[in-house]
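Topology and contacts: notes
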Amino acid sequence: MSDGRLRAVLFDMDGTLVDTLPDIAAAVNGALGEFGLHALDEPHVATLIGNGPRILSRRALDAQEALNIEQREQLVEPLLAGYARRYATQLGTLGRVFPGTLECLRELSARGLKLGVVTNALQHLGEAVLARFGIAPFLQVVIGGDRVVRHKPHPEPLWQACTALDVSPHETVMVGDSVNDVAAARAAGCAIVCVPHGYDQGQPVSELGCDVLTDVSALPAWIAAQLVGSS
């Protein structure tokens, strides 16, 4: 945004717009239970989120000390399938949209900004979450982790979103909650700002050298300040 132009805002979903942890944990533990494996508490599951459902499944299996490496590898795909099936019915049951999110999206839309979500979640599950919490009507594009060859932290999904919105990366800001979002935005050439209440994989966003908002509701004021400062 060095030239003062901002045309689009891309959001991470899990931990940024929606607190999906309770539903993700319930689905993960339900899938683990299908194989007689022990459940994980929510704080533990929170550390597994961020690199897509296949890595989530792999990390959940890595926590199963009773399994050897070969057994864990054999269970990755079955556990992923069980998780996706359970999450499809679980989503929106325990989770919640973060306060101020819908008001923020409404204000940004009223300003004429193009809005999108770039998530490592499976496309159909991401779309279901966004619809369930009333976010979908504000969006012009949703890019799920299975819609690209390389998901975040690679810049590919951000570039794809920018192309779909017909904007340049330097006209776009990414709003996220983790090092994956920061790395993807910087590699893509987008501006980056983070919220502190998400799933940071043990690396607080305050340590990543980017601006950190109190929550998403502070985004419109942050954007206004950036544009004034660059004018």
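Provided above is the structure to which this section pertains.
We now examine empty space enclosed by the protein. The final tally for this structure, using the stated rule, is one cavity of 30 Å³ or more. Empty space within the largest cavity amounts to approximately 270 Å³. Every residue lining the largest cavity is counted, 24 residues in all, and those nearest its centre are D14, I49, G50, N120 and A121. Elements with a minimum of two residues in the lining of the largest cavity: α3 (53–62), α4 (69–90), α6 (123–132) and α8 (179–188). Across the lining of the largest cavity, the residue classes tally to 12 nonpolar, seven polar and five charged.

For the rest of this paragraph, the subject is the side chain of T20. Mapped onto the elements, T20 comes out in the loop between β2 (18–19) and α1 (21–34). Of note is the side chain of T20, whose polar atom sits 2.6 Å from the side chain of D14. With residues up to four places along the chain from it excluded, the contact list for T20 reads D14, G15, Y87, V129 and Y199.

Below, the discussion takes up the environment of E127. Among the secondary structure elements, E127 is positioned in helix α6. Looking at E127, the relative accessible area reads 38%, which means it is partly exposed. C-alpha separation for the pair E127 and Q201, spaced 74 residues apart in sequence, amounts to 23 Å. Within the structure, E127 has its side chain in polar contact with the side chain of Q123 (distance 2.8 Å).

With that settled, consider the sheet that holds strand β7 (residues 191–194). One open sheet holds the six strands; their spatial order is β5-β4-β1-β6-β7-β8, and the pairing between them is parallel. In this open sheet, the two edge strands, each paired with only one partner strand, are β5 (141–143) and β8 (211–212). Where strand β6 (residues 172–176) and β7 come together, four bridges link them in parallel fashion. Across the sheet, the residue bridging to V173 is A191, located in β7. Packed on one face of the sheet, α8 meets β6 and β7 and runs near 165° to β7.

Attention shifts here to the layout of surface pockets. Looking at the largest pocket, its volume works out to about 160 Å³. Considering the residues around the largest pocket, the lining is formed by N51, G52, P53, R54, I55, L80, N120, L122, G145, D146 and H151. With three residues, the top contributor of residues to the lining of the largest pocket is α3. Per-class residue counts for the lining of the largest pocket are four nonpolar, five polar and two charged.

Below, the discussion takes up helix α7 (residues 156–165). Among all positions of α7, only E156, P157, L158, A161, C162 and L165 are buried. Looking one or two places after α7, you find D166, whose phi comes out positive at around 60°.

Moving on to the packing of aromatic side chains. In total, this model carries one aromatic pair according to the counting rule given. When the centroid spacing of 5.6 Å and the interplanar angle of 10° are considered together, the rings of Y83 and Y87 count as stacked. Of the two residues, Y83 and Y87 are both situated in helix α4; the distance of four residues between them amounts to about one turn of the helix. Residues Y83 and Y87 agree in their burial class; the two are buried. Looking at R132, its charged tip hangs above the ring of F133, at a distance of 5.2 Å from the centre.

Reading the values: rules and limits
Residues numbered from 1 in each chain as written. Predicted model: local features only at pLDDT ≥ 70, side-chain atom pairs only at ≥ 80, totals over all residues. Heavy atoms only, no water. 1 Å grid on protein atoms, 1.4 Å probe; cavity = no way out; pocket = protein on both sides within 12 Å on 5 of 7 lines; lining within 4 Å. Points joined across faces, edges and corners; volume = space filled by probe spheres on them. Helix = DSSP H or I, 4+ residues; strand = E, 2+ residues; numbered from the N terminus. Nonpolar A, V, L, I, M, F, W, Y, C, P; charged D, E, K, R; others polar. Polar contact = N/O pair within 3.5 Å; in protein donor to acceptor, adjacent residues only side chain to side chain. Contact = heavy atoms within 4.5 Å. Buried < 20%, exposed > 50% of the residue type's maximum accessible area, 1.4 Å probe, protein only. Pairing = 2+ DSSP bridges. Axes fitted to C-alpha atoms, helices over the stretch in contact; angles between N-to-C directions. Phe/Tyr/Trp six-rings, centres within 6.5 Å; stacked < 30°, edge-to-face > 60°. Lys NZ or Arg CZ within 6 Å of the ring centre and 35° of its normal.

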